[in-house]
Every structure is written in C-alpha cells, then in structure tokens.
Amino acid sequence: MELNSYSYIPDKATESVFSSYVFGVTFGDSLTDSYLLLRIKSKLVDPAGVFETWSSQAHVCSWNGLTCSEDEAHVIGLNLSDSKLSGSIPPEVWNLISLRTLDLSLNFLTGSIPSEVGQLQNLTTLLLHSNYLSGKIPPEIGLLQKLQVLRIGDNMLTGQIPTTIGNLTELRVFALAYCQLNGSIPEEIGNLKNLVSLDLQQNSLSGFIPTEIHGCQELQNFAASNNKLEGEIPASIGRLKWLQILNLANNTLSGLIPTEISQLSSLQYLNLLGNRLRGEIPSGLNHLVQLQKLDLSRNNLSGSINLLNSQLQNLEVLVLDNNALTGNIPSNFCLQDSNLQQLFVAQNNLSGGFPLGLLNCSSLQQLDLSNNNFEGELPGSIDKLGNLKDLLLNNNSFSGSLPSEIGNMSNLETIFLFDNMITGSIPMEIGKLQKLITMYLYDNQMSGSIPMELTNCTSLTAIDFFGNHFSGSIPETIGKLKNLVLLQLRQNDLSGPIPPSLGYCKKLQLLALADNKLSGVLPPTFRFLSELSTITLYNNSFEGPLPESLSFLTSLKIINFSHNKFSGTIFPLTGSNLLTALDLTNNSFSGAIPSRLANSTNLRRLRLANNHLTDNIPSELGQLKELTFLDLSFNHLTGQVPSELSSCQKLQHLLLNDNQLAGEMPSWLGKLQELGELDLSSNHFHGGVPAELGNCSRLLKLSLHTNNLSGEIPEQIGELTSLNVLNLQGNNLSGSIPPSIQDCKKLYELRLSQNLFTGSIPSELGRLTELQVILDLSRNQFSGEIPSSLGNLLKLERLNLSFNKLEGEVPSSLGKLTSLDMLNLSNNHLQGEIPSAFSGFPLNSFLGNDKLCGPPLTSCMDAEAQENNTLSSTAVICIIVAIVFTSTVICLVMIYIMLRIWFNWRKVSISNSEGGGNIEQIKREEDHQKWVYGDEKKRKGEYWRVNSMALVPSQNEHISSSCIFHIKMDSKKINHGK
C-alpha cells in the first residue's frame, strides 16, 4: 500500500501514527488500518459522536463499530449503521482490504459507489442501504466473489443492474429496492444458485422476467413489485420449490396466471395485484396449502371464484377486488375451523344474495363485499360472524331492513351499508355495539327516527346518514358521543331544533345538517365546539340572530348557512382567521359587511347574496389574496366598487349584480386575469364598457345588463376568446357591433337588446357557430338587410331581431336553422316571402312588416291579387265623395221638381175653388193631408215617428214612382179639377 498516494493534513493523533510508520516502528497491519480509519474519521461529519473512541491513545480494536480478527492483526468489520453520519464515503474505505463486513447503512451519505469497491475482495457483507447515494452500480462489484449479502437499496442509484452480478455465486441476499434503476433484470441472475432473497421492488425496471430465474434454486423471497415489468409470468417460476414469497404487484404483467405456480408448495405469500392478468383463477391454487396471503386484486380476471378456504386452511388474507369475477361465493367456501381473517372481493360483478357460505368463516375480522351486484335481505344469522370488526357491504342492491341481530356482533367497529336499498328503521339493538367507531348508512331508503340507543355507542367517531328519510328530532342525548368527529345528517326529514347537548361533542370537526326541516335558533352551547372546522346548515328553517358565542369558534374553515331565516348581522361568523368558505346566501342578514372578514386571509369563497346588506363594499376585502369567489348580489349595497379588489388576483367569480352600486365601470377589472364570471348587471353604473376587459382572456360570462352604460362596444371584446355568455341588454350603448366579436367563437348566448345600436347587423355574427341559447338584437336601430350568414348558426334555438329598421327579404338561408324554437322578426320593414321553414311559427313572429307574406301570414299570391284588385285608400275616399255628391245633387233636383209640381197643383186647386167647388176642395185637402202625413191619431200615439203606412195611398188612387221619392198623382182628378 502506497500511503504517499494520499494528500491530507493529519491531526496530531494521526500524525503520531504516521511518524511511527515512516520511521519503521511498525505494529502490524492494524497500524495501517488505524491510520486509514483516522483518515475516514476526519472526512465524515459526526453529529452523534460515534468517533469519540477513535483515538491513537487506544487500541484500534477497541474503537466503536470495529471488529478485528482474532489475532487483532486486521480490522475485518466496520459497522457505523444508523450513526447520522453525512458526507461522501471516504476513498480510504476501499483500502481496508481485510474487511469482511462493511455496514454504513441508515446514514446520510452522498456521492457514488466508486469502482474501487472491487478491491474489497474479502467482503461477505456489504450494507450501504438507506442513504443518499447516487450514480450507477459499478460493474466492478462483480469482483466481490465472496459476497453473500449485498444491500444497497433505498438510495438514488440509477442505470441498469450490471450483468457482472452473475459472478457473485455465493450471494444469498441481493437487495436493490427503492432506487431509480431501469433496464431489465439480467439473465445472469440465474447464475446465483445460492440466492435466497431477491428484492428489486420500487424501481423502474422493465422488460420480461427472465426465464433463467429458475436457476436460483434456493430462492425463498422474490419481490419485484412496483416496476414496469411486462409480458407473461414465466412458467419456469414454478420450479422454485423453496419459494415462500412471490411479490410481482403493480407492474404491467399480462396473460394468464401460470398453472405452474400451483407447484410452489412452500409458498406463503403471493401478490400479483395491479397487473393486466386475465382469464380465470387457476383452481390449482387450492393446492398451495401453506399459503397465508393471496392478493390477485386490480387485474382483469374473470369467471367464478373457485378458491376454497376449506382447502387453503392456512389462508388468512384473500384479496380479489377490482376484477371482473362473476357468480357468488361458493357455499362450501369455509370450514368451521377456518383461519381466514380478511376477505376482500369488492369491485367485481358478483351477484345473488348475501353469500351464506361466509357465515362459517367464524374467524373473519374484515369482510368487504362492496361494489358488486348482491341483492336481497341481510340474513338474521349474520351474528355468526362474531369476530367481525369491519363489515363493508356498500354499493350493492341489498334491501329489507337492518336485522336486529347485528346488535350481537359485539366486535363491530365499522359498518358500511351506504348506496343500497335498505329500508326500515335503525334497530334499537344497535346501542349494544360499544366498540362501534364508524357507521355509514347514507344513500339508502331508511326511515323512522334516529334511536336514542345509538348514543350509547360511545366509541363512535363518524356517523353518516345522508340521503335517507329519517324523521323526528336529533336525539337529545347526542352529547353522550364524546368522541364524535363527523356527524352527517344531510338530506333527511329531521325536524325540531338542534339539541343543546350537541355542544358537548367537543371533538366534532364536521357538522352537516343541511337539507332538512330543522328550525329554531342555534344553541349557545355551540361555543364549546372548539375543534369544529366545517358546519353546513343550509336549506332549513333556522331563524333569529346568530349567537355571539359563534365568534369563539376559531377553527372554522367552512360555513354554509344559506337558505334559512337568519337575521341580524353576520359579525359572529367572522371570528375565525382560518375561514376558507363562507356562504350565507338567501337569509335576512342586514347591516354592513364586517371589515374584519379581511383577517380570514385564507378565504376563497365569500357568498352573501340575497340578503339585506347595506352600505359600501369594505375596501379591506382587497386583502383577501386567496379569494376566488365573491358573490354580493341581490343586496342594497351602495357606492362604488372599491379599487382595492384589484389585489384579489385569483378571483374567478365576481357577482355584484342587483345592488345600487354606481360610478363608472372600473377599468382595473382588466387586471383580474383569472376572472371567469363577471356580473355587474342591474346597478347604476354609467360610462363606457372598459376596453381593459379584453385582458380577462379566461372570461366565460360577462353580464353588464340593465345599467346606464353608453358609448360603443370596445374592439377588445374580440380578445375574450373563451366567452360563452355576453349580456349587455338594457343600456344606452350605441354605434355598431364591432366585427371583432367574430373571434368570440365559443359564444352560445348573445344579448344586445334594448340599446341604441345602429348600422347593419354584421355578417361576422354568422361565424359564431356555437351560438345556441339566444341571439337577441331586438329594440335597437339596426338597419339594412338581415345577413344571410346567420343561416350558419345551426345550433341556435332563439332569434330575436324585432323592433329595428331592418328591410329587404328574410334570407332563405335562415331556413337551415332547424333548432329554432323561438323566432321574432316583428316590427321591422321586411318584405317578400317568409321561408317555408318558418311557417310553423306564430303570427306575432312577423307582425309589423307590411310587405311580408307567406304562412303564417297571407299567402303571397293572395296578397298580390288583393293588391291588383284593391284601390288605394285615397281612391276609395274620392269615389265615396263623388257618389255622395252626385246623390245629393240628384235629390235636390227631384225635391225642386216635386215642389214645382205641388205648387202648380195648388194653383189649379185655388182656381177651381173660386168656381164654386168649396165642399169638394175641402174633401180633397183632407184626403191629401192623410196621404202626405198619415193618420193624425196614429201620429199622436207615436211622437215624431213616421208611420210605416204613411206612404201607402188610398184604394181609389193610382200610384206611380219616380227616383227615390214616390209622388203619387191622379192625373184625371187634376184635369177634372181644372
């Protein structure tokens, strides 16, 4: 050994030894070893003081951790395991060539394993596991041909397993687990005839398991789980007759389980979980009479369960879950003296009733039949499983009531019956289960009241009865459950107040009473629930102000009191600085929002909507840097939106709608780049839509409707490429729709109605092919024609273009909108024929367009004929006036003629009377008066009414007619009168 090959600065002790060596005063090889060991001491960090005895003042064989040969001439063992040493392994270690055992395990050593390790050819044991060694395994390790134990796992070693490992023919233990090795298992592994244990688990090994593995004839433990091994399990593995442990779990092995495994008569542990094995379980596995644990879970195995505990009498654990097994568990599965303690067959396709064959497995402690298709009632004899601790029957179709005999299973700690169809009530006998810790009955159809006896199960830590039909009140003695951590009673029909004793469940962390019919005020004993982190009381009828004592619950993280009748201020709920979610929507809270909410710096969700909150939004809310959801809608908040909210950079939902907020729309909203929903509608905002909103590229919903906004829609709206909903209706926006809106290709709802938009409807809207809910441009001042490109909106369900100034024909391309169920084109200036596809829409969809025709309006042919045959209203008026005027003139002429005739007749009559015909003249006058005026007696009876017979002459008179008036004269009498 050439000592001058090392450069170092020795301490005084080392220098003394070195000087003795140099001047020829030798004390054998132990002196050389002591020099090297002192060098090792100087290079390692020793916080625990394990090197305190390493001194030149003491013989090297007395130093801590060392073993010398019988003649004390050599150091043959160095054991510094679990000594908290750090640093890299000193190179002097590899010069201790007499070493047979080197144990540096369980320290904090770093660096690599050098090739010089091959110099320690006397080594039989090398233990370097559980450090922080890195790099590759040097191939020189194959030079250690006396090596029997090699454990270098639990490090950060990389690369492949060197093939030279096949030279270590004396090796009995080879452990490389928990590293980062890759590559395949070398075929040379089959040369290790004396190998007893091979541990390769938790690496990244790939490829096939070499068939040469059968050469390890003494192998008892083969663990290669949690790698990336593939292919089939080699049949040659069945020749390892001494194999006791075979662990190939969590790889990608495929194919069938080789029947040759049944030849491993010494096998006690077989774990093949988490692979891609298929086919049936080999019945030959029943021959493995020494088997204690069998895990075939998480594969693709099918067929029925053909394993019998009656043959596998030493079997303690059988895990078959997450496969595709069918049928039921065999009725002869167990014998009375079974040793089976754990049976897991969850997540299969097993069916039938509860497997009665299991009732003979009296030693069972854990039974998991969950997530199958079992049905029927639970047997009353289930209490035969008297040693059972965990009963997992959830996610099946079990029905009927819970048997009262379950109260006899005194060792029960866990009952999982959720997601079944269990009916009836909880038996009172449940109160006998003093060891019961967890009881999950949620998602069943159970009813009745929660029995008072349940509160005798004082070991209970978790109760979950969610989604049943339990009624009545919460047991008054619930406070007896001092160990209760979780109480989940949501979605039942429970009523009455919360019992005050609940406050004595001081370990309670989760209280969920939502969706019931509970009422009353919160008990003051709630102040004792100091560990409570989650409380949900929503959808009940709780009322009254919150007790001030709630402010002492400083562990609260989640509070949901929404949809109740709480009143007063929310101040008592703002005492916990750990709050992450506070939901008080739909109550009657009033007053201002407490500024001390800003102390809850972890708050992510704050929902105070639908209350009677007043005053300004506190600027202190801007300190909530973790806030993602802020909903203050439907209150009476006033003032402006505080600019401090711009600091809430994680905000995804900002809902301030339906308040009395005023001022201009804040431009700093563009800084909230995580924003997905912004609703400021139904307030008193004025000014323009901020162009900065275009920076909110993740925005999905933008609702600014029913404000006093003016100006144009900014071009930057097109930068909101993720937008689904845009609602700007009910403002005073003007100008045209910017063409950039075509870039909002994910829009499925667009509402721009009740504004002052002008110009034509941009054809670019036809590129918004995801529009589905509605396109509403009504009550604006749009002009021009309807763009035919709107026919590309094939998913559109509602289209409203009414009350504009649109003209031209309805494009035939709109007939392609087969998804439309509402269409309104009314009150425009449209003309021409309505596309036939729209004939099924109601009449009011098209009214107010004078020149529009076709179903459901009048047909276009009838409209054209009517136009040809019908005069204009002016012509009609002229004709009527002409007819009236002409008729009037004719009547006046006839009256004039009649009067002339009458006067002539009168004149003749007077002349005759002068000739002596006085009597006859008088008679004629009387007759004439009757003809003209009718019977005076009748007239007196009908005042101002002309008798219908007044124009009828006497029988002696001959009548002729002329024009409208009937003038009846007897020419003979006239002539005679003359």
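Residues numbered from 1 in each chain as written. Predicted model: local features only at pLDDT ≥ 70, side-chain atom pairs only at ≥ 80, totals over all residues. Heavy atoms only, no water.

By the naming in an unreviewed UniProt entry, the protein is Expansin-like CBD domain-containing protein, taken from Corchorus capsularis.

Caption draft 1: Molecular detail of the environment of Lys557. Considering the arrangement of structural elements, one finds Lys557 in the loop between β40 (541–545) and β41 (558–560). Put simply, Lys557 and Thr534 are 23 residues apart on the chain and 5.9 Å apart in space, counted from C-alpha to C-alpha. (Helix = DSSP H or I, 4+ residues; strand = E, 2+ residues; numbered from the N terminus.)

Caption draft 2: Focus on the nonpolar core. Phe222 and Phe561 are the most contacted members of the largest nonpolar core, which totals 243 residues. Of all elements in the fold, only α2 (29–43), β1 (66–68) and β2 (75–79) reach the threshold of two or more residues within this core. The dominant element in this core, judged by the number of residues it contributes, is α2, at five residues. Each residue touching Phe222, except ones within four places of it in the same chain, is listed here: Leu198, Ile209, Ile213, Ile237, Leu243, Ile245, Leu246, Asn247 and Leu248. (Core = buried A, V, L, I, M, F, W, Y, C linked by side-chain atoms within 4.5 Å. Buried < 20%, exposed > 50% of the residue type's maximum accessible area, 1.4 Å probe, protein only. Contact = heavy atoms within 4.5 Å.)

Caption draft 3: Spatial organisation of the packing of aromatic side chains. Using the criterion set out here, one finds 17 aromatic pairs in the structure. Ring geometry for Phe108 versus Tyr132: centroids 6.2 Å apart, planes at 15 degrees, classification stacked. Placement of the pair is Phe108 in strand β5 (residues 108–110) and Tyr132 in the loop between β6 (125–127) and β7 (134–136), with a sequence separation of 24 residues. Residue classification places Phe108 among the partly exposed residues on the basis of a relative accessible area of 42%. Relative accessible area serves as the criterion here: at 43%, Tyr132 is assigned to the partly exposed category. Geometrically, the ring pair formed by Phe418 and Tyr442 is stacked, given 4.3 Å between the ring centres and 10 degrees between the ring planes. Of this pair, Phe418 sits in the loop between β29 (414–416) and β30 (421–423) while Tyr442 sits in the loop between β31 (438–440) and β32 (447–449), and the two are 24 residues apart along the sequence. (Phe/Tyr/Trp six-rings, centres within 6.5 Å; stacked < 30°, edge-to-face > 60°.)

Caption draft 4: Seen up close, the state of the cysteines. For the structure shown, the criterion picks out two disulfides. Bridging Cys61 to Cys68, the disulfide has an S-S length of 2.1 Å. One disulfide, between Cys61 and Cys68, carries an S-S torsion of -105 degrees and so falls in the left-handed class. Note on accessibility: Cys61 and Cys68 belong to one class, buried. Paired by a disulfide, Cys334 and Cys361 hold their sulfur atoms 1.8 Å apart. Here Cys334 and Cys361 share a disulfide; its torsion about the S-S bond, 100 degrees, makes the bridge right-handed. Taken together, the positions of Cys334 in the loop between β22 (324–326) and β23 (342–344) and Cys361 in the loop between β24 (351–352) and β25 (366–368) put the pair 27 residues apart, joining distant regions of the chain. (Disulfide = S-S within 2.5 Å.)

Caption draft 5: Representation of the sheet that holds β24 in the model. Taken in spatial order, the four strands of this open sheet run β24-β26-β28-β30, and their pairing is parallel. What marks the edges here is a single partner per strand, and that holds for β24 and β30. Direction of pairing for strand β28 (residues 397–401) relative to β30: parallel, over a ladder of three bridges. Of the residues in β30, the one forming a bridge with Ser401 is Thr423. (Pairing = 2+ DSSP bridges.)

Caption draft 6: View of the pairing of strand β18 (residues 276–280). In this structure, strand β16 (residues 252–256) lies alongside β18, joined through three bridges in parallel fashion. The residue of β18 that forms the bridge with Ser254 is Arg276.

Caption draft 7: Molecular detail of unusual backbone geometry. A cis geometry characterises the amide bond from Pro855 onward to Pro856, with omega recorded as 10 degrees. Structurally, the position occupied by Pro856 is in the loop between β64 (851–853) and α3 (860–869). The phi dihedral of Leu106 is positive, around 60 degrees, even though this residue is not glycine. Along the chain, Leu106 turns up in the loop between β4 (101–103) and β5. On the basis of relative accessible area, Leu106 is assigned to the partly exposed category, the value being 41%. Phi at Gln202 takes a positive value of approximately 60 degrees, unusual for a residue other than glycine. Turning to its location among the elements, Gln202 is positioned in the loop between β11 (197–199) and β12 (206–207). Owing to a relative accessible area of 32%, Gln202 belongs among the partly exposed residues under this scheme.

Caption draft 8: Summary view of empty space enclosed by the protein. Here the structure, examined in full by the defined rule, presents three cavities of 30 Å³ or more. Lining the largest cavity are Ile450, Pro451, Leu454, Thr455, Ile463, Phe465, Pro475, Ile478, Leu481, Leu487 and Leu489. Of the residues in the lining of the largest cavity, the class split is 10 nonpolar, one polar and no charged. (1 Å grid on protein atoms, 1.4 Å probe; cavity = no way out; pocket = protein on both sides within 12 Å on 5 of 7 lines; lining within 4 Å. Points joined across faces, edges and corners; volume = space filled by probe spheres on them. Nonpolar A, V, L, I, M, F, W, Y, C, P; charged D, E, K, R; others polar.)

Caption draft 9: Looking closely at a nonpolar patch on the surface. Together, Phe885, Val889, Val893, Tyr896, Ile897 and Ile901 line one region of the surface with nonpolar side chains, adding up to about 560 Å² of accessible area. When you line up the elements, Tyr896 lands in helix α4 (residues 873–914). (Patch = residues over 30% accessible without salt bridge, like charges linked within 9 Å, V, L, I, M, F, W, Y side chains within 5 Å. Areas by Shrake-Rupley, 256 points an atom, 1.4 Å probe, with all protein chains shown as cover. Salt bridge = Lys/Arg side-chain N within 4 Å of Asp/Glu carboxyl O.)

Caption draft 10: Representation of a negative patch on the surface in the model. Side chains of Glu785, Glu807, Glu809 and Glu833 sit close together on the surface and give a patch of like negative charge. Within the secondary structure layout, Glu809 lies in strand β61 (residues 805–809). (Lys, Arg positive; Asp, Glu negative; His and termini not counted. Charge placed at Lys NZ, Arg CZ, Asp CG, Glu CD.)

Caption draft 11: Local environment of the pattern of salt bridges. In this structure the tally under the stated criterion is nine salt bridges. Residue Glu92 pairs with Arg39 through a salt bridge whose shortest N-O separation is 2.9 Å. Residue Glu92 is located in the loop between β3 (86–88) and β4, and its partner Arg39 is located in helix α2; the two are separated by 53 residues in the primary sequence. Several salt bridges share partner residues, and in doing so they unite Arg39, Lys43 and Glu92 into one network.

Caption draft 12: Region of interest: the pairing of strand β55 (residues 732–735). Because side chains alternate across β55, one face comprises the buried residues Leu733 and Gly735, and the other comprises Asn732 and Ser734, none of which is buried. Relative to β55, strand β53 (residues 708–711) runs parallel, the two sharing two bridges. Looking at β55, one finds that Gly711 is bridged to Leu733. With two bridges connecting them, β55 and strand β57 (residues 756–760) associate as parallel partners. Paired with Ser734 across the strands is Leu756, a residue of β57.

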